[in-house]
Amino acid sequence: MGNKIRLTTAQALIKFLNQQYIHVDGRETLFVEGIFTIFGHGNVLGIGQALEQDAGHLKVFQGKNEQGMAHAAIAYSKEKLRQKIYAVSTSSGPGSANLVTAAGTALANNLPVLFLPADTYATRQPDPVLQQIEQEYSTAVTTNDALKPVSRYWDRVTRPEQLMSSLIRAFEVLTDPAKSGPVTICISQDVEGEAFDFEEAFFQKRVHYVDRLQPSERELAAAEQLIRSSRKPLILVGGGVKYSEAGEELKAFSEKYGIPLVETQAGKSAVESTFVNNLGGMGVTGTLAANKAARLADLVIGIGTRYTDFATSSKTAFDFDRTKFLNINVSRMQTYKLDGLQVVADAKAALGKLHDRLEGYSSEFGPLIPELREEWNAERERLSRIEFKRSGFVPEIKKQFTQETMNEYADALGTELTQTTALVAINDTIDKDSIIISSAGSLPGDLQRLWHADVPNTYHLEYGYSCMGYEVSGALGIKLAHPDREVYSIVGDGSFLMLHSELVTAIQYGQKINILLFDNSGFGCINNLQMDHGSGSYYCEFRTEDNRIMNIDYAKVAEAYGAKVYRAHTARELKEALQNAREQTTSTLIDMKVLPKTMTDGYDSWWNLGVAEVSNRESTQRAYQHKVEMLKKSKQY
Ligand SMILES: Cc1ncc(C[n+]2csc(CCOP(=O)(O)OP(=O)(O)O)c2C)c(N)n1
Ligand SMILES: O=C1C[C@@H](O)[C@H](O)[C@@H](O)C1=O
Ligand SMILES: [Mg+2]
């Protein structure tokens with residue numbers, strides 16, 4: 001056998017991370033950019049020591065909350081189109097438990113990230129150690145077992161030499177587009193510091209080749225035939241289009257054959273909003289244009305999409321008696337959905353090959369595409385000018401709050417600003433190549449409908465897990481991926497309260513992010529949901545025990561951390577703040593007070609929710625009946 005190097009397990013890990021490369025379309029680049037850490041006794045003497053001794057090229061960032069720093073890492077790999085990652089090192093017990101939510105976020109979104117939670121003692125000599133859960137039925141169970149269901153690959157290293165096979169499997173998974181997701185390697189805290197004579201060959205440069213998965217001739221012929229026999233095909237653009245960098249091929253294909261595009265949250269901005277055949281967001285949070293086109297379609301070409309309930313309006317968006325599906329995806333599992341024709345292939349490769357085969361074909365959508373676009377643009381224009389009135393005001397979310405309650409909010413928050421007006425004002429003011437991020441609450445719906453992404457890949461929406469707290473943390477990850485661009489976190493007050501610790505990390509390391517905080521004093525979208533389904537307003541508004549609307553000075557909070565802050569109660573104040581924030585070099589926060597119920601409502605869509613079958617309220621009974629009726633029109637699987 002070759003030469004041996006004596007290293008601790010943690011030193012070997014860091015040395016290995018330094019040697020990983022990815023090869024895509026002839027470009028070879030380093031795969032692991034750096035590592036986020038929160039040191040505790042479980043990792044500071046192992047991974048901490050190894051990094052201090054020799055981090056190599058790895059950039060090291062100290063996080064403030066494990067979930068938050070993991071979200072930053074996830075957003076980074078999403079921005080890097082899964083071609084570069086950060087690792088995340090946590091201590092044992094609570095430190096690693098804090099990764100569970102983030103792992104779910106990475107898994108639901110198919111995003112690669114390497115989690116390195118410390119594990120309890122392998123020797124068991126000092127058991128039970130601090131933060132060991134001591135499960136009665138098995139000593140082998142640790143907190144880190146909770147990460148199994150939310151990891152694409154999970155392993156436990158209890159001897160130094162196990163690290164080698166573990167890491168090789170880990171990087172195979174991390175660099176496979178079809179399996180992409182979180183990889184969790186739990187290393188016992190004592191083992192992190194244990195030494196072993198590692199073979200030098202283990203640390204050789206490793207290049208992970210990502211060749212584009214080509215469609216077979218059989219798949220292409222079947223796809224061609226399906227499209228040729230369709231009169232009104234529609235392309236559903238999923239996140240896979242972005243990861244495959246297939247935007248140009250998609251536009252060329254759509255233009256040549258007159259096939260309109262509709263977008264999922266993950267797919268939005270794969271192609272710019274100005275593209276003539278782009279009808280915008282589809283489904284529950286979609287535009288009227290996209291949802292109308294979906295009803296007319298007789299073939300849906302789903303590219304890189306998981307067909308979530310939001311994209312399909314809980315399987316009611318299409319006429320399933322008539323509509324066929326053609327599914328192009330690198331994941332074979334995804335291609336089986338909705339009984340579609342399966343094309344297991346990379347989006348760019350498949351579109352490139354299909355392009356020439358359809359010579360002479362043309363869809364029958366024709367002039368309907370510009371008509372639908374125009375109709376929706378007029379609606380967007382209307383939504384950009386909603387002005388609050390102290391009497392006779394009809395908000396977008398109707399029949400929930402009385403005028404009296406709306407006035408109460410206007411007084412309590414000292415504002416007349418409406419959410420849709422504020423959002424379009426932001427869209428009109430910030431640089432076109434800025435990147436926006438959001439994930440939960442009412443804002444993802446407004447963004448999917450109203451946001452014009454004029455530059456590709458400027459819209460970063462996490463809507464696989466829709467995890468509150470991703471917005472601020474993720475903004476840091478985006479900034480690390482694009483240091484030369486302005487990054488805007490578009491976040492509700494509820495999400496901000498849930499997690500914004502990485503704002504401090506952003507300030508600490510001079511990574512400028514801009515937080516656009518929409519404060520409507522409550523869990524607004526859930527309040528809409530409950531009232532729309534027959535309930536009252538129950539524990540979703542932020543009211544005190546004596547029923548006063550809370551008015552929190554979020555600007556003060558961010559100012560205390562060191563951010564430059566602004567307060568906006570009118571569209572004008574908002575625009576001025578945006579212009580000033582643009583000039584700052586430190587992170588900023590604009591505390592916008594917006595009125596509840598002024599976000600967008602649904603457009604010809606339905607979402608299947610667990611409405612109470614039995615209730616003492618007539619309104620809930622009606623909501624349940626509506627669900628029963630809608631289910632009759634839906635596809636069952
Ligand atoms: C971690 C997490 N917990 C709970 C939820 C459920 N949830 C979705 S939106 C929401 C309220 C969001 O409130 P806010 O951020 O203020 O946005 P708004 O709807 O008011 O615009 C909740 C509790 C979630 N998506 N993520
Ligand atoms: O429960 C939810 C409702 C959605 O409207 C929201 O965007 C999402 O964050 C969520 O979790
Ligand atoms: Mg809110």
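Fair warning: this is a prediction, and the values are worked out from it, not measured in the lab. (Residues numbered from 1 in each chain as written. Chains lettered and ligands numbered in written order. Predicted model: local features only at pLDDT ≥ 70, side-chain atom pairs only at ≥ 80, totals over all residues. Heavy atoms only, no water.)

A. Region of interest: helix H11 (residues 288-296). Taken residue by residue, H11 has Ala 289, Ala 290, Asn 291, Ala 293 and Ala 294 as its buried positions. Buried positions along H11 lie against strand S12 (233-237), strand S13 (261-263), strand S14 (278-281) and helix H15 (368-383). (Buried < 20%, exposed > 50% of the residue type's maximum accessible area, 1.4 Å probe, protein only. Helix = DSSP H or I, 4+ residues; strand = E, 2+ residues; numbered from the N terminus. Contact = heavy atoms within 4.5 Å.)

B. Expanded view of the packing of aromatic side chains. By the definition in use, this model includes 26 aromatic pairs. Summarising the aromatic geometry, the rings of Phe 61 and Tyr 509 are spaced 4.9 Å apart at their centres and angled 90° between planes, so their arrangement reads as edge-to-face. Within this pair, whereas Phe 61 is found in strand S5 (residues 59-62), its partner Tyr 509 is found in the loop between helix H21 (502-508) and strand S21 (514-519), the two being separated by 448 residues in sequence. The partly exposed category is assigned to Tyr 509, whose relative accessible area is 30%. Taking the ring centre of Tyr 459 as reference, the NZ or CZ of Lys 268 above it sits at 5.2 Å. Seen from the ring of Tyr 637, Lys 635 lies directly overhead, with NZ or CZ sitting 4.0 Å from the centre. (Phe/Tyr/Trp six-rings, centres within 6.5 Å; stacked < 30°, edge-to-face > 60°. Lys NZ or Arg CZ within 6 Å of the ring centre and 35° of its normal.)

C. Focus on the domain arrangement of the protein. Here the domain parsing of the protein yields domain 1 (4-210), domain 2 (217-376) and domain 3 (386-593). Computed from C-alpha atoms alone, the centre-to-centre distance between domain 1 and domain 2 is 37 Å. Between domain 1 and domain 2 lies a buried interface of about 790 Å² when both sides are counted; carbon and sulfur atoms form 48% of it. With a shortest N-O distance of 3.7 Å, Glu 245 and Arg 27 are connected by a salt bridge. In terms of residue class, the side of domain 1 that touches domain 2 is made up of five nonpolar, three polar and four charged. (Domains from an automatic or database assignment. Buried area = accessible area lost by both parts, 1.4 Å probe. Salt bridge = Lys/Arg side-chain N within 4 Å of Asp/Glu carboxyl O. Nonpolar A, V, L, I, M, F, W, Y, C, P; charged D, E, K, R; others polar.)

D. The arrangement of the UniProt feature "domain: Thiamine pyrophosphate enzyme N-terminal TPP-binding" (unreviewed entry) in the protein in detail. Under the feature "domain: Thiamine pyrophosphate enzyme N-terminal TPP-binding" (unreviewed entry), the UniProt entry names residues 32-133. Between the C-alpha atoms that bound residues 32-133 the distance is 32 Å, and the span itself is 33% helix and 23% strand. (UniProt positions renumbered as here; feature names shortened; annotations may be inferred.)

E. View of the sheet that holds strand S19 (residues 459-461). With respect to topology, six strands assemble into an open sheet ordered S19-S18-S20-S21-S23-S22, the strand pairing being parallel. A single partner strand is all that each edge strand has here, and the edge strands are S19 and strand S22 (564-568). Ignoring which end each strand starts from, the neighbouring axes of this sheet average 20° apart. Across the face of the sheet, helix H18 (residues 443-450) comes into contact with strand S18 (435-438), S19, strand S20 (487-492) and S21 while running at roughly 150° to S19. (Pairing = 2+ DSSP bridges. Axes fitted to C-alpha atoms, helices over the stretch in contact; angles between N-to-C directions.)

F. Expanded view of the site of ligand 2. Around ligand 2, the surrounding shell consists of Ala 440, Gly 441, Tyr 463, Ser 466, Cys 525, Ile 526 and Trp 607. Within the contact set of ligand 2, an oxygen atom lies 2.7 Å away from a backbone nitrogen or oxygen of Gly 441. A distance of 2.6 Å separates an oxygen atom of ligand 2 from a polar atom in the side chain of Tyr 463. Across the complex, the protein chains shield 71% of the 290 Å² of accessible surface that ligand 2 would expose by itself. Under a 2 Å grid-point criterion requiring more than half of the atoms, the pocket assigned to ligand 2 is the largest pocket. A class-by-class count of the residues in the shell around ligand 2 yields five nonpolar, two polar and no charged. (Near = heavy atom within 4 Å. Polar contact = N/O pair within 3.5 Å; in protein donor to acceptor, adjacent residues only side chain to side chain. Areas by Shrake-Rupley, 256 points an atom, 1.4 Å probe, with all protein chains shown as cover. 1 Å grid on protein atoms, 1.4 Å probe; cavity = no way out; pocket = protein on both sides within 12 Å on 5 of 7 lines; lining within 4 Å. Sits in = over half its atoms within 2 Å of the grid points.)

G. Region of interest: the UniProt feature "domain: Thiamine pyrophosphate enzyme TPP-binding" (unreviewed entry) in the protein. Here the UniProt-annotated "domain: Thiamine pyrophosphate enzyme TPP-binding" (unreviewed entry) positions come out as residues 440-591. Summarising residues 440-591: 41% helix, 16% strand, and an end-to-end C-alpha distance of 18 Å.

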